[in-house]
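Reading the structure
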Amino acid sequence: EGQMLMSRIRREMENILADEGARLGVYTRELDKYTRRTRTYAAVSNGVLLIIAIASLLDIRNNRRRIRKLFEENEEKNRMLEEQTADLQRLSHDLIQQNRELERFAYVASHDLRAPAGNIEALLRLYKEAKDKDERESLIDTMQDVSENLSNKLNDLVDGLRGKGEVNRMSETLSLQSIYD
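Below you will find a few notes about this structure. Values in this document were obtained by computation on a predicted structure and should not be read as measured data. Here, residues in each chain are numbered from 1, in the same order as that chain's written sequence. In view of the model being predicted, local features appear only for residues whose pLDDT reaches at least 70, and side-chain atom pairs are presented and counted only at 80 or more, with totals across whole chains, interfaces and linings using the full set of residues. The side-chain quantities take in all heavy atoms of the structure and omit both hydrogens and water.

So, the packing of aromatic side chains
- For this analysis, a ring pair means two rings from Phe, Tyr or Trp (six-membered ring only for Trp) whose centres lie within 6.5 Å, classed as stacked if their planes differ by under 30 degrees, edge-to-face if by over 60, and tilted for the remaining angles. Per the stated rule, a full pass over the model turns up zero aromatic pairs.
- The ring of Tyr127 has Arg136 sitting right over it, with the charged end atom 5.1 Å from the ring centre. Throughout this description, the term charge over a ring refers to an Arg CZ or Lys NZ atom that lies within 6 Å of the ring centre and within 35 degrees of the ring normal.

If you want it as C-alpha cells, here you go:
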C-alpha cells in the first residue's frame, strides 16, 4: 500500500510538475515576448530621442549662426550710424558757421547800404524843395555820386560773397598720367 501510495504521489507530482512546467513555459514565452517588445520599444524610443537630440543640436547651431550674423550686422549698422552721426555733426557745425557769417554779412550789408539810401532820400527831399534849376542840377549830380557809391558798395558785397564761396571750395591738382597708371 505504501508503494502504491508512493507511486500515486509520484504520478501526482509528475502531473503537477508537468502542469507547472507547462505553465512555466507559457509564462517564460510570454515574458520573452514582453521582453522583446520592451527591448523593441526601448530601441525605438532611444532612436527617436536620439533623432530629436540631433535635430535640437542642429537647430541650436543654426540659431547661434543666425544670432552671430545678426550681431555682426548690428555692429556694422552701429558703425555706419556713428559715421553718419559724425558727418551730421560736422555739417551742423558748418551750417552754424555759415549762419553766423550770413548774420555778419546781413549786418554789414544793412549798415553799409543804410547810409547811401538815407542820403538819396534826403537829396530827393531837397530836390523837391529846390526852386532853382542850378540847385536841382547840383542835387542830381550829388545823387548820381551817391548812386555810384551805392552801386560800388553792392559790387563790393557781391565780390565778397563770391570770394567766400571760393574759399570753401577745395581744389586738387591731378596728374592724368598717375591716374591712368
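Quick look at the pattern of salt bridges
- Here, a salt bridge means any side-chain nitrogen of Lys or Arg that lies within 4 Å of a carboxyl oxygen of Asp or Glu. Within this structure, the stated rule accounts for five salt bridges.
- Residue Arg79 is joined to Glu83 by a salt bridge in which the shortest nitrogen-to-oxygen separation is 2.4 Å. Highlighted residues: Arg79 and Glu83, both in helix H1 (residues 2-129), separated by four residues, approximately one helical turn.
- Residue class for Arg79 comes out partly exposed when judged on its relative accessible area of 37%.
- Buried means the residue's accessible area, taken with a 1.4 Å probe over protein chains only, is under 20% of the maximum for its type, while exposed means over 50%, and partly exposed covers the values in between. Taking the relative accessible area as the measure of exposure, Glu83 reaches 41% and is therefore partly exposed.
- We note a salt bridge from Glu121 to Arg125, for which the minimum N-O separation is 4.0 Å. Here Glu121 pairs with Arg125, and both are found in helix H1, just four residues apart, close to one helical turn.
- Here Glu121 falls in the partly exposed class, since its relative accessible area comes to 49%.
- Here the salt bridges do not stand alone but share partners, grouping Glu76, Arg79 and Glu83 into one network. By definition, any uninterrupted DSSP run of H or I lasting at least four residues is a helix, any uninterrupted run of E lasting at least two residues is a strand, and each is numbered from the N terminus.

Quick notes on the nonpolar core
- Buried residues of nine kinds, namely Ala, Val, Leu, Ile, Met, Phe, Trp, Tyr and Cys, make up a nonpolar core once their side-chain atoms join them within 4.5 Å. Among the nonpolar cores identified, the biggest contains five residues, and these are Leu123, Ala130, Leu139, Met143 and Val146.
- The residues contacting Ala130, other than those within four sequence positions of it, are Glu135, Arg136 and Leu139. We call two residues in contact when some of their heavy atoms are within 4.5 Å.

Here's the deal with a nonpolar patch on the surface
- Together, Leu5, Met6, Ile9, Met13 and Ile16 give the surface a local cluster of nonpolar side chains, amounting to about 460 Å² of exposed area.
- Considering the arrangement of structural elements, one finds Ile16 in helix H1.
- The class for Ile16 is partly exposed, based on a relative accessible area of 45%. A patch consists of residues exposed above 30% relative accessible area that lack any salt bridge, with like charges linked at up to 9 Å and nonpolar side chains (Val, Leu, Ile, Met, Phe, Trp, Tyr) linked at up to 5 Å. Computed by Shrake-Rupley with a 1.4 Å probe, the accessible areas treat only the displayed protein chains as cover when residues are assessed.

Description of the environment of Ser92
- Structurally, Ser92 can be placed in helix H1.
- The partly exposed category is assigned to Ser92, whose relative accessible area is 37%.
- With 81 residues separating them along the chain, Ser92 and Thr173 place their C-alpha atoms 29 Å apart.

Examining a positive patch on the surface
- For the purpose of counting charges, residues Lys and Arg are taken to be positive, whereas Asp and Glu are taken to be negative. His and the chain ends are not included. Taken as the charge centre is NZ of Lys, CZ of Arg, CG of Asp or CD of Glu, depending on the residue. Among the surface-exposed residues, Arg61, Arg64, Arg65 and Arg68 lie close enough to one another that they form a single positively charged patch.
- Residue position: Arg64 is located in helix H1.

Brief notes about a negative patch on the surface
- Side chains of Asp132, Asp134, Glu135, Glu137, Asp141, Asp145 and Glu148 sit close together on the surface and give a patch of like negative charge.
- Here Asp132 lies in the loop between H1 and helix H2 (133-167).

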